[in-house]
Amino acid sequence: MKYEVFLPDLRLNDTVKRYIAVYDISIFNEMLFLPDGGNFMVFNRGLKGYSMLHNNKKYDLPESYSISIKTTKSKRAILDLQHIPIIEPAILILVELLPIGFYKLFHKDASCLNNQYLVIDNKITEKYFSNLYTHKSLEKDIAYLNESLVSMYDNNHNSKEGIEDIIEKIAEYKYEITVDELANEFACCTRTIERQFKKFIGISPKNFIFISKFYQTFMAYVKDGVKLNDTQYIYNDNAHLNKVFHTVVGYSPSQIFYDIKKNNNLNVYQLKMAEAEEAYA
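Residues numbered from 1 in each chain as written. Predicted model: local features only at pLDDT ≥ 70, side-chain atom pairs only at ≥ 80, totals over all residues. Heavy atoms only, no water.

S.K.: Account for the environment of Gly37, naming residues and giving values.
M.R.: With respect to the secondary-structure elements, Gly37 resides in the loop between β3 (32-33) and β4 (39-43). As for Gly37 and Tyr215, which are separated by 178 residues in sequence, their C-alpha atoms are 9.7 Å apart. Residues within four places of Gly37 in sequence aside, it is in contact with Lys70, Pro99, Ile201, Phe208 and Ile211. (Helix = DSSP H or I, 4+ residues; strand = E, 2+ residues; numbered from the N terminus. Contact = heavy atoms within 4.5 Å.)

Put into structure tokens, the structure is as follows:
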């Protein structure tokens, strides 16, 4: 087994999507991560590497505990497989956060993640994560981490934010809605929505709609085998759709499908997690 997936406590259902314990890091090397508005807490134990966006921007992975960058581009994990720490049972644990997850746990403006990994402050590490990787089993480590994140969540006195209603409305409209239309729907100005997205999500509402629609299209096309013309997500024409794929992942739809389904040389994180969820169910 190269990795294992754990589900979060229901108290974190608006914050954490899943936990991933990585036993064999080679599976994540060169893996493609699609932008979907979320990001990761990375509980690293000395692994070296970096994230590479398809426009060749490079972001080094801190060798300590950190929060990953937020971007509207796909990114690859480029890892140092020559100097992997020999640590049992897991080299690192990833916490996949939902789009608003970072804000709910840290109460910091999410736009600070646009251009860097954010190393978790030592005071936070000491308070919440000092006993991680000290338990007799990985299951107990995950349980400890889960309770630590619940404590962080509760200590911030979280409640449902208005932006969560906006995100639900965007999905309800199948991502066919503009920021102006959202402003009318929620009786506020566009600047208010833009400020909220920058603060809570870290990207603009326009970009959030763009990448969310792309992500749903990608999964329908590649995972479920739906022809692009038959997906419920509307693009003007094939030229427009090709441009969107190139903008986000640097490939055309046909290249993506061939490299994943035929050539088997493209590994996509979200597809792996979908497989894991199906196996778990």
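S.K.: Go over helix α8 (residues 238-249) with me, naming the residues and quoting the values.
M.R.: Between its first and last C-alpha atoms α8 spans 16 Å; for 12 residues at 1.5 Å apiece the expected length is 16 Å, and the two agree. Looking at α8, one finds that the buried residues are Leu241, Val244, Phe245, Val248 and Val249. Down the axis of α8, the buried set is contained in an arc of 95°. They therefore lie on one face. Of the exposed residues in α8, those oriented more than 90 degrees away from the buried face are Ala239 and Lys243. Phi turns positive, to about 80°, at Gly250, one or two residues after α8. (Expected span 1.5 Å × (residues − 1). Buried < 20%, exposed > 50% of the residue type's maximum accessible area, 1.4 Å probe, protein only. Arc of directions from axis to C-beta.)

S.K.: Any chance you could break down the sheet that holds strand β9 (residues 92-97) for me, citing the residues and the numbers?
M.R.: Taken in spatial order, the 6 strands line up as β1-β2-β9-β4-β7-β10 in an open sheet, and their pairing is antiparallel. Each edge of the sheet is formed by a strand with only one pairing partner; in this case those strands are β1 (3-6) and β10 (118-119). Where helix α3 (residues 138-155) meets the sheet, it contacts β1, β2 (16-22), β4 and β9, and its direction lies at approximately 150° from that of β2. (Pairing = 2+ DSSP bridges. Axes fitted to C-alpha atoms, helices over the stretch in contact; angles between N-to-C directions.)

S.K.: Describe the packing of aromatic side chains, and please don't skip the residues or the numbers.
M.R.: Within a pair of aromatic rings, the relevant descriptors are the distance that separates the centres and the angle that separates the planes. Applying the stated criterion across every chain yields a total of 15 aromatic pairs. Consider the rings of Tyr221 and Phe245, whose centres lie 6.4 Å apart with planes at 85°: the pair is edge-to-face. Of the two residues, Tyr221 sits in helix α7 (residues 205-223) while Phe245 sits in helix α8, which places them 24 residues apart along the sequence. Grouped by ring-pair contacts, the aromatic residues Phe214, Phe218, Tyr221, Phe245 and Phe257 constitute a single cluster. In this arrangement the basic side chain of Arg45 is found over the ring face of Tyr133, its NZ or CZ atom lying 4.0 Å from the centre. For Lys58, the ring lying beneath its charged end belongs to Tyr50, and the centroid distance is 4.3 Å. (Phe/Tyr/Trp six-rings, centres within 6.5 Å; stacked < 30°, edge-to-face > 60°. Lys NZ or Arg CZ within 6 Å of the ring centre and 35° of its normal.)

S.K.: I'd like a description of the pattern of salt bridges, backed by residues and values.
M.R.: Using the criterion set out here, one finds 12 salt bridges in the structure. For the salt bridge of Arg11 with Asp9, the shortest nitrogen-to-oxygen distance reads 2.9 Å. The salt bridge involving Glu30 is made with Arg76; its shortest N-O contact spans 3.8 Å. Residue Glu30 is found in the loop between β2 and β3, and its partner Arg76 is found in strand β8 (residues 75-79); the two are separated by 46 residues along the sequence. Assessed through its relative accessible area of 39%, Glu30 is described here as partly exposed. Linked by salt bridges that have partners in common, Asp9, Arg11 and Glu147 make up one network. (Salt bridge = Lys/Arg side-chain N within 4 Å of Asp/Glu carboxyl O.)

S.K.: An account of the side chain of Lys75 is needed here, citing residue identities and associated values.
M.R.: In this structure, Lys75 sits in strand β8. Buried charge Lys75 goes without a salt bridge, the closest partner of opposite sign being Asp36 at 8.6 Å. In this structure Lys75 touches Met31, Leu32, Phe33, Ser51, Met52, Leu53, Ser68 and Ile69, once residues within four positions along its chain are discounted. (Lys, Arg positive; Asp, Glu negative; His and termini not counted.)

S.K.: Could you give me a rundown of unusual backbone geometry, with the residues and numbers involved?
M.R.: Geometrically, the link from Glu88 to Pro89 is a cis peptide bond, its omega value of -5° lying close to zero. Along the polypeptide, Pro89 turns up in the loop between β8 and β9. In this structure, Glu30 takes a positive phi of about 70° despite not being glycine. Positive phi, normally seen in glycine, also occurs at Lys174, with a value near 55°. Relative to the assigned elements, Lys174 resides in the loop between α4 (162-172) and α5 (179-185). For Lys174, a relative accessible area of 35% translates into the label partly exposed.

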